[in-house]
Amino acid sequence: MKLFNKLNKFKNNIALIDDKKNILTFEDLNKISIKKKKIIKKRSLILFITDNNIYSISNYISSVRNK
């Protein structure tokens, strides 16, 4: 899926903001994705039981990007 492959293109633009004013930029999402790729093996089965927050969304995006 190519949906999240160009996060670096937007670098310091704001990607996500939550109700507590926590902010993640597209560059932050890219860095999170790279870190998760080192931890989770490719083609692993992942089950998300989450709240609706920026950390859950960033984990989802990382999983999609890393297949």
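Everything numeric here is computed off the predicted structure, so don't read it as measured data.

Caption draft 1: View of the environment of Ile17. Position of Ile17 relative to the elements: it lies in strand E1 (residues 14-17). On the basis of relative accessible area, Ile17 is assigned to the exposed category, the value being 51%. Considered as a pair, Ile17 and Asn53 are 36 residues apart in the sequence and their alpha carbons are 8.8 Å apart.

Caption draft 2: A look at the confidence of the model for the protein chain. Averaged over every residue, the pLDDT of the protein chain is 81; residues scoring 70 or more account for 90%. When the elements of the protein chain are averaged for pLDDT, helix H2 (residues 54-65) gives the smallest value, 82, and strand E2 (residues 23-25) the largest, 88.

Here is what the cut-offs are and how they apply
Residues numbered from 1 in each chain as written. Predicted model: local features only at pLDDT ≥ 70, side-chain atom pairs only at ≥ 80, totals over all residues. Heavy atoms only, no water. Helix = DSSP H or I, 4+ residues; strand = E, 2+ residues; numbered from the N terminus. Buried < 20%, exposed > 50% of the residue type's maximum accessible area, 1.4 Å probe, protein only. pLDDT = per-residue confidence, 0-100.

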